[in-house]
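Structural characterization, general
The chain contents come next:
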Amino acid sequence: MKEIEINNSLFEIQELAEEYLHIKFCKQNIQFSEDIYLFDDDFYARIKNKSLLITGRGPVELYSYISYWCVKKGCKSIIIRDMSLGKDFEIYDRDKKTEERVPEWLNIEQKDEFSVWQIITSKQNDGKWSEAIISSSCFYFNLKNSAETVILTGKGMLLFYSCLACSAAANGYDNVFVNKPTEKALIKINGNIFPNYKKSDKNGRMIGILGDPNSGKSVFSRTFGALMDLYLESKEVWVYDCDAAALTSDWYIYGLQRAGAKRVEEEYKKARSFIKQKWTTELEFEVSENMKKVKANLTYVIADLPGGYHKAEENIHRRIPDSGRAEMLKNCDSFIIIGRKDSPEVFGDWKKALAQYNLDDRIIAEITSVHHENFPAVLEKNVDENGIIKISLDGLDRSHARNDLIEAYKKAFENLIMKIKEEK
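Residues numbered from 1 in each chain as written. Predicted model: local features only at pLDDT ≥ 70, side-chain atom pairs only at ≥ 80, totals over all residues. Heavy atoms only, no water.

This part takes up the overall build of the protein chain. Each helix and strand counted, the protein chain has twelve helices and 20 strands in total. A total of 424 residues make up the protein chain; the buried ones form 52% of that total. Residue pairs in contact within the protein chain that sit at least 24 positions apart in sequence constitute 71% of those at least 6 positions apart. Carbon and sulfur atoms provide 45% of the accessible area of the protein chain, an area that totals close to 20300 Å². (Helix = DSSP H or I, 4+ residues; strand = E, 2+ residues; numbered from the N terminus. Buried < 20%, exposed > 50% of the residue type's maximum accessible area, 1.4 Å probe, protein only. Contact = heavy atoms within 4.5 Å. Areas by Shrake-Rupley, 256 points an atom, 1.4 Å probe, with all protein chains shown as cover.)

Here it is, written out as structure tokens:
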């Protein structure tokens, strides 16, 4: 067995024989999202026409991602090793044609432009999956319907998700997502969630979260989205990360919460640095169009917005640097501004920046992060003469668990959420 390479310490590739490669995920608790690109063109060139053995610990979306793209890029076959059963299962072979069928562990539900593929099997009384079911039906299948987007979901082992992902790729689906109900996360494997969206009559409400970099916008956006879910009892609250140049994904936030050691924390930050890119006018207008699509199809959207262009050493602060960024902000019906206590001027600066585009009257709240390192707590709450709700908080930081943030903040934000509901 010859080791060929190690990529980012997340996986290694080993050559088993001339036509076989072993891909092993070698780090526990990998947090994956579509914006951390684990595989490049060199990788896909290496797996073409090869048979792949995939092993190691990883989340279902990571196994879905590698299975889908390896099929799309021309691998010969895929074998998944299940450690709990101590067996290898071939889930895909391009030379073996299958009939149109639906596995007995799968339910398929058609919803307009979406097709939801939900795993419905469960473990046996001994706490194990049925080896008979796996052996008989865990092989890619032919199934094509009118939907352009496929969402893979349900509770199931890695084998099931890999099988679904292979099937989606083999059937030519270009818009594929994994839904993780426990985390309320929809993770892109490929494509666009609204490939051919039509303007619905929902006309959803979009709340933009603004603030300078490192002010706590992303943590607040996710927490506020969860609080809106709690109070509105609505499944149509979507948190959309609009900072496409430097996405802040759950794998990064949760990773920092668990990191502990400074060395591990730096490793997560380094991994995130690889996915950053420069803002361009084209990227800004692309994000703006996506914001329109999401808003047209959902009831409430929390838009986690970029913090602007800053060079503190030269005293340069352009919070809305160009017209493309302004187009993004115009999609928002209201704004919540986040700022640190040691930089109180940011609230006025953001208001001036918004006023240049006649958007300053959309500010509905200002949130001050006082001691972000402290345990989450609400310190002060009031309403100014213009009706803007002002709340001071401790603990608005990635290091704190989301449940602790929700529990600490939920009462303080009830009035703000009800105000948003009334204005809908």
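Time to look at helix α10 (residues 345-355). Taken together, the buried positions of α10 are occupied by Val 346, Phe 347, Trp 350, Ala 353 and Leu 354. End-on view of α10: buried residues confined to an arc of 125°, all on one side of the axis. Looking at the buried side of α10, the elements it contacts are β12 (205-211), α9 (323-329), β17 (334-340) and β18 (363-369). (Arc of directions from axis to C-beta.)

Quick look at the pattern of salt bridges now. Counted under the stated rule, the structure contains 14 salt bridges. Of the charged contacts, one joins Lys 390 and Asp 384 as a salt bridge, the two residues approaching to 3.8 Å between their closest N and O atoms. For Lys 390, a relative accessible area of 30% corresponds to the partly exposed category. Among the residues examined, Asp 384 registers a relative accessible area of 17% and is labelled buried. By sharing partners, the salt bridges in this structure join Asp 212, Arg 319 and Asp 349 into a single network. (Salt bridge = Lys/Arg side-chain N within 4 Å of Asp/Glu carboxyl O.)

Looking now at the sheet that holds strand β13 (residues 237-241). Spatially, seven strands are ordered β13-β14-β12-β17-β18-β20-β19 in an open sheet, and the strand pairing comes out mixed. Because the sheet does not close on itself, it has two edges, and the strands there are β13 and β19 (377-383). Taken over all neighbouring pairs, the strand axes of this sheet differ in orientation by 20° on average, direction set aside. Here β12 runs beside β17; their pairing, made up of five bridges, is parallel. The partner of Gly 208 across the bridge, within β17, is Phe 335. Its contacts with the sheet put helix α11 (residues 402-409) on β19 and β20 (389-394), and the angle it makes with β19 is roughly 40°. Sheet contacts for helix α12 (residues 414-423): β12, β14 (300-304), β17, β18, β19 and β20; angle to β18, the most-contacted strand, approximately 160°. (Pairing = 2+ DSSP bridges. Axes fitted to C-alpha atoms, helices over the stretch in contact; angles between N-to-C directions.)

Looking at the element boundaries, Asp 304 is found in strand β14. Judged by its relative accessible area of 2%, Asp 304 falls in the buried class. With 84 residues separating them along the chain, Asp 304 and Phe 220 place their C-alpha atoms 8.8 Å apart. If near-sequence neighbours (up to four positions away) are discounted, Asp 304 is found in contact with Ile 209, Lys 217, Ser 218, Ser 221, Arg 222, Tyr 240, Asp 241, Cys 242 and Asp 243. A polar side-chain atom of Asp 304 sits 2.7 Å from a polar atom in the side chain of Ser 218. (Polar contact = N/O pair within 3.5 Å; in protein donor to acceptor, adjacent residues only side chain to side chain.)

Here we take up the side chain of Ser 162. Structurally, Ser 162 can be placed in helix α4 (residues 158-170). For Ser 162, a relative accessible area of 0% puts it in the buried group. Beyond its immediate sequence surroundings of up to four residues, Ser 162 is in contact with Tyr 63, Ser 67, Ile 80 and Ile 91.

When two helices pack together, their arrangement is given by the angle between the helix axes and the distance between those axes. Running from amino to carboxyl end, helix α5 (residues 217-232) crosses α11 at an angle of 65°, the nearest separation of the two axes being 10 Å. Both α5 and α11 take part in a crossing whose hand is right-handed. Contacts between α5 and α11 involve Val 219, Arg 222, Thr 223, Ala 226 and Leu 227 on the former and, on the latter, Arg 402, Leu 405, Ile 406 and Tyr 409. Tallied by class, the residues present in the contact of α5 with α11 amount to six nonpolar, one polar and two charged. (Left-handed = near helix turned anticlockwise from the far one by under 90°. Nonpolar A, V, L, I, M, F, W, Y, C, P; charged D, E, K, R; others polar.)

The next thing to look at is the environment of Val 239. Counting through the fold element by element, Val 239 comes out in strand β13. Sequence spacing of Val 239 and Ala 226 is 13 residues, and the spatial spacing of their C-alpha atoms is 9.0 Å. With residues near it in sequence (within four places) discarded, Val 239 still touches Ser 221, Arg 222, Gly 225 and Ile 302.

Relative to strand β6 (residues 87-93), strand β5 (residues 77-82) runs antiparallel, the two being bridged by six bridges. By the bridge assignment, Ile 80 is partnered in β6 with Phe 89. Taken together, β5 and the strand that follows it, β6, pair antiparallel across an intervening segment of four residues, in which Gly 86 is found at a positive phi of about 65°.

Looking at where Arg 319 falls in the secondary structure, it is placed in the loop between β16 (316-318) and α9. Side-chain polar atoms of Arg 319 contact the side chain of Asp 212, separated by 2.9 Å.

It is worth spelling out α4 at this point. The end-to-end C-alpha separation of α4 is 18 Å, in line with the 18 Å expected for 13 residues at 1.5 Å each. Of the residues trailing α4, Gly 172 is marked for its positive phi of about 85°. (Expected span 1.5 Å × (residues − 1).)

Before going further, it helps to examine the nonpolar core. Within the largest apolar cluster, 51 residues are counted, with the highest numbers of intra-cluster contacts made by Ile 47, Ile 78, Trp 105, Trp 117 and Leu 152. With sequence-adjacent residues up to four places away left out, Leu 152 is seen in contact with Ser 64, Trp 117, Tyr 161, Leu 164, Ala 165, Val 176, Phe 177, Val 178 and Asn 179. Counting residues in hydrophobic clusters, the runner-up holds 28 residues, among them Met 228, Leu 232, Ile 338 and Ile 367. (Core = buried A, V, L, I, M, F, W, Y, C linked by side-chain atoms within 4.5 Å.)

Where helix α2 (residues 60-72) contacts α4, the axes come no closer than 8 Å and their chain directions differ by 30°. What the angle tells us is that α2 and α4 run roughly parallel. For the crossing formed where α2 meets α4, the hand is right-handed. The segment α2 lies against α4, with Val 60, Tyr 63, Ser 64, Ser 67, Tyr 68, Val 71 and Lys 72 engaging Leu 158, Tyr 161, Ser 162, Ala 165, Cys 166, Ala 168, Ala 169 and Ala 170. Of the residues that constitute the contact of α2 with α4, the class distribution is eleven nonpolar, three polar and one charged. (Parallel < 35°, antiparallel > 145°, perpendicular 65-115°, else oblique.)

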